[in-house]
Amino acid sequence: MPKPAENGVATTVFFDGSCPLCRWEISHYQATVPVSAIDFVDVSNNKQAAMAGCSCSELMARFHVRTKEGVMLSGAAAFVALWLLYPSWRWLGKLGSLPGMPVVLELLYRGFLRLRPGIQWLVRKFANDKAR
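Reading the values: the criteria
- Per chain, the residues get numbers from 1 upward, laid out in the order the sequence is written.
- Only residues with pLDDT of at least 70 are given local features in this predicted model, and only at 80 or more are side-chain atom pairs given and counted; all residues enter the totals for whole chains, interfaces and linings.
- Side-chain metrics in this entry use all non-hydrogen atoms of the structure; hydrogen atoms and water are not considered.
- When a carboxyl oxygen of Asp or Glu lies within 4 Å of a side-chain nitrogen of Lys or Arg, that pair is called a salt bridge.
- Strands are runs of DSSP state E lasting at least 2 residues, helices are runs of H or I lasting at least 4, and numbering of each runs from the N terminus.
- Buried, partly exposed and exposed residues are distinguished by accessible area as a fraction of the type maximum, computed with a 1.4 Å probe on protein chains only: under 20%, between the cut-offs, and over 50%, respectively.
- Joining through side-chain atoms within 4.5 Å is the link that ties buried Ala, Val, Leu, Ile, Met, Phe, Trp, Tyr and Cys residues into a set, and such a set is a nonpolar core.
- By definition in these notes, contact holds between two residues if any of their heavy atoms fall within 4.5 Å.
- Criterion used throughout: strands pair if DSSP finds at least two bridges between them.
- Seen with its strands pointing away from the viewer, a crossover is right-handed if its path from the first strand over the helix to the second goes clockwise.
- Helix axes are fitted only over the stretch in contact, all axes being lines through C-alpha atoms; the angle between N-to-C directions runs from 0 to 180 degrees.
- Polar contact criterion, stated in full: a pair of N or O atoms within 3.5 Å, where within protein one must be able to donate a hydrogen and the other to accept it, and residues adjacent in sequence count only if both atoms are side-chain atoms.

Caption draft 1: Representation of the pattern of salt bridges in the model. A complete count under the given rule lists three salt bridges for this structure. Glu106 serves as the salt-bridge partner of Arg62, at 2.8 Å between the closest nitrogen and oxygen. Of the two residues, Arg62 is situated in the loop between helix H2 (56-61) and strand E3 (64-66) and Glu106 in helix H5 (residues 101-131); the sequence distance between them amounts to 44 residues. Overall, Arg62 belongs to the partly exposed group, its relative accessible area being 21%. Close ionic contact of Arg110 with Glu106 constitutes a salt bridge, the shortest N to O distance being 3.0 Å. In this pair, Arg110 and Glu106 are both assigned in helix H5, four residues apart and thus about one turn of the helix distant. One continuous salt-bridge network, built from bridges that share partners, spans Arg62, Glu106 and Arg110.

Caption draft 2: Seen up close, helix H3 (residues 76-83). Burial analysis of H3 places seven of its eight residues in the buried class, which makes it a mostly covered element. Considered for burial, the residues of H3 that qualify are Ala76, Ala78, Phe79, Val80, Ala81, Leu82 and Trp83.

Caption draft 3: Representation of the nonpolar core within the structure. Counting residues in hydrophobic clusters, the biggest one holds 18 residues, and the most contacted among them are Val13, Tyr29, Phe63, Leu82 and Trp83. Excluding anything up to four places from it in sequence, Leu82 contacts Val13, Tyr29, Ile38 and Phe63. If you look at the next biggest cluster of nonpolar residues, it comprises five residues, including Phe14, Val41, Val43 and Leu59.

Caption draft 4: View of the pairing of strand E2 (residues 38-42). Inspection of the sheet shows strand E1 (residues 11-15) paired to E2 by five bridges, in the parallel sense. The residue bridging Phe15 from the neighbouring strand is Asp42, located in E2. In the classification by handedness, the crossover that spans E1, the intervening helix H1 (residues 20-30) and the parallel E2 is right-handed.

Caption draft 5: Up close: the sheet that holds E1. Read across the open sheet, the four strands follow the order E2-E1-E3-E4; overall the sheet is mixed. Where the open sheet ends on each side, the last strands, each with one partner, are E2 and strand E4 (72-74). Each strand of the sheet is rotated relative to its neighbour by a mean of 20 degrees, with strand direction disregarded. Pairing of E1 with E3 involves three bridges; the strand directions are antiparallel.

Caption draft 6: Seen up close, the side chain of His64. With respect to the helices and strands, the residue His64 is situated in strand E3. Classification of His64 by relative accessible area gives buried; the value is 7%. Among the polar contacts listed, one links the side chain of His64 to the backbone oxygen of Arg62, at a separation of 2.8 Å. With residues near it in sequence (within four places) discarded, His64 still touches Thr12, Val13, Phe14, Glu58, Leu59, Met72, Leu73, Ser74 and Ala78.

Caption draft 7: Here's a closer look at the pairing of E1. Counting buried residues along E1, five of its five residues qualify, which places the element largely inside the surrounding structure. Because side chains alternate across E1, one face comprises the buried residues Thr11, Val13 and Phe15, and the other comprises Thr12 and Phe14, equally buried.

Next up, the structure:
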């Protein structure tokens, strides 16, 4: 269970709950205890997305995290910020924070985004075939 937010302020993770890959990854984060409070917002069916200062389509196109200080991050920078909140992932967050690494991770993330629709299709097809 996440820790209670100090002063009612938590890091907010905006994710595409209609994406099977996103749901799977977020479920791993939700099953682990972070060092500070995290709110998870499914922007695929949640009106709270408008509170983020981004459109729903922007939030669904890329992974976003709003830090407890109110800074909105997206893509690789958002993942690094999230990883730093988990003791078991902190090493990866520190690695991703090294000079030059944010650029490398962002390039890898953008490459993944190009493959994401095809991967989603395969996951959905596999899930549908398995359900039969």
